[in-house]
Amino acid sequence: MDKRPEKELLTPHSSRGREASAYLSFIVDLYDNLPEYSIFVHADPDQWHNDLFGPQTSNTLPNLRLEAVDAMGYLNLRCTNNPGCPAHINPNSPSQEDIDNNDARANFPRIYKDIFGEDAYVPDKIGGICCAQFAVSRARIQQRPKSDYIRMLNWVSEKSVPFVDNYGAGWVFETLWHVVFGMEGVQ
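Each value, and the rule that gives it
- Residues numbered from 1 in each chain as written.
- Predicted model: local features only at pLDDT ≥ 70, side-chain atom pairs only at ≥ 80, totals over all residues.
- Heavy atoms only, no water.
- Buried < 20%, exposed > 50% of the residue type's maximum accessible area, 1.4 Å probe, protein only.
- Helix = DSSP H or I, 4+ residues; strand = E, 2+ residues; numbered from the N terminus.
- Pairing = 2+ DSSP bridges.
- Phe/Tyr/Trp six-rings, centres within 6.5 Å; stacked < 30°, edge-to-face > 60°.
- Axes fitted to C-alpha atoms, helices over the stretch in contact; angles between N-to-C directions.
- Parallel < 35°, antiparallel > 145°, perpendicular 65-115°, else oblique.
- Left-handed = near helix turned anticlockwise from the far one by under 90°.
- Contact = heavy atoms within 4.5 Å.
- Nonpolar A, V, L, I, M, F, W, Y, C, P; charged D, E, K, R; others polar.
- Polar contact = N/O pair within 3.5 Å; in protein donor to acceptor, adjacent residues only side chain to side chain.
- Core = buried A, V, L, I, M, F, W, Y, C linked by side-chain atoms within 4.5 Å.

Looking at the pairing of strand β3 (residues 134–137)
The alternating pattern of β3 places Phe 134 and Val 136 and Ala 135 and Ser 137 on opposite faces, both of which are buried. Of the pairings in the sheet, the one linking strand β1 (residues 37–40) to β3 comprises 4 bridges and is antiparallel in character. Residue pairing for β3: Phe 40 is matched across the bridge by Phe 134. Here strand β2 (residues 74–76) pairs with β3 via 3 bridges, running antiparallel. Bridge pairing in β3 links Leu 75 to Ala 135.

Examining the packing of aromatic side chains
Within this structure, the stated rule accounts for 16 aromatic pairs. Between Phe 26 and Phe 40 the ring centres are 5.5 Å apart and the planes differ by 85 degrees, which places this aromatic pair in the edge-to-face class. Of this pair, Phe 26 sits in helix α1 (residues 19–30) while Phe 40 is found in strand β1, placing the two residues 14 residues apart along the sequence. What makes Phe 40 buried here is its relative accessible area of 6%. Taken together, Tyr 23, Phe 26, Tyr 31, Phe 40, Tyr 74, Phe 134, Tyr 149, Trp 155, Phe 173, Trp 177 and Phe 181 form an aromatic cluster joined through their ring pairs.

A few points about the packing of helix α7 (residues 146–157) against helix α8 (residues 166–180)
Where α7 contacts α8, the axes come no closer than 11 Å and their chain directions differ by 160 degrees. As far as their axial angle goes, α8 and α7 are roughly antiparallel. When you trace α7 past α8, the crossing you get is right-handed. Residues Tyr 149, Met 152, Trp 155 and Val 156 of α7 form the contact with α8, whose own contacting residues are Ala 169, Val 172, Phe 173 and Val 180. Within the contact of α7 with α8, the residues separate by chemical class into 8 nonpolar, no polar and no charged.

Observations concerning the side chain of Ser 21
Note that Ser 21 resides in helix α1. Assessed through its relative accessible area of 0%, Ser 21 is described here as buried. Reaching out from Ser 21, the side chain makes a polar contact with the backbone oxygen of Ser 14 at a distance of 3.5 Å.

What about the nonpolar core?
In this structure, Tyr 149, Phe 173, Trp 177 and Phe 181 are the most contacted members of the largest nonpolar core, which totals 40 residues. Elements supplying a minimum of two residues to this core: α1, α5 (108–116), β3, α7 and α8. With 8 residues, the single largest contributor to this core is α8. Setting aside chain neighbours within four positions, we find Tyr 149 in contact with Leu 24, Ile 27, Val 28, Tyr 31, Arg 140, Ile 141, Arg 144, Val 180 and Phe 181. By size, the runner-up hydrophobic cluster in this structure holds 5 residues, among which are Leu 64, Val 69, Leu 77 and Ala 135.

Put into structure tokens, the structure is as follows:
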């Protein structure tokens, strides 16, 4: 997400949404030439998201079992299920506080349909392992057409969504990556 990345590095289509822009840009740009597995991690070598093998990503990645990615299609690299599980968002029944604050949670049905399409069924509960470090197979990514990822990237890039700022756009995807890659709303 550097403002001036080195020539050989991916340049995200947008600077909004933190890592969501970078991940979606990678998928859109390489959709027809994706590697067998894509592993999405934050750039800093130490992450609080890395829980089982300590904070260093260099300790987490050697323990990733590609057989598990093959079996699941999508695998969060975090093991601890808090925050996020069992249910993190109740799209169809937001809290009064979220409504009063015009929080993204209060607008989640609209957000969900903007991201997944107008005909998407909005689940009553969404919950999955937190955050945005995961591995996903090419086959799982390509279960969705490229146009879906373009729509998602356009949503992240849109600055006129009044209740979702830069941080909020990234947070929305942190709560939805498992759904993006074909899993049920609650994992």
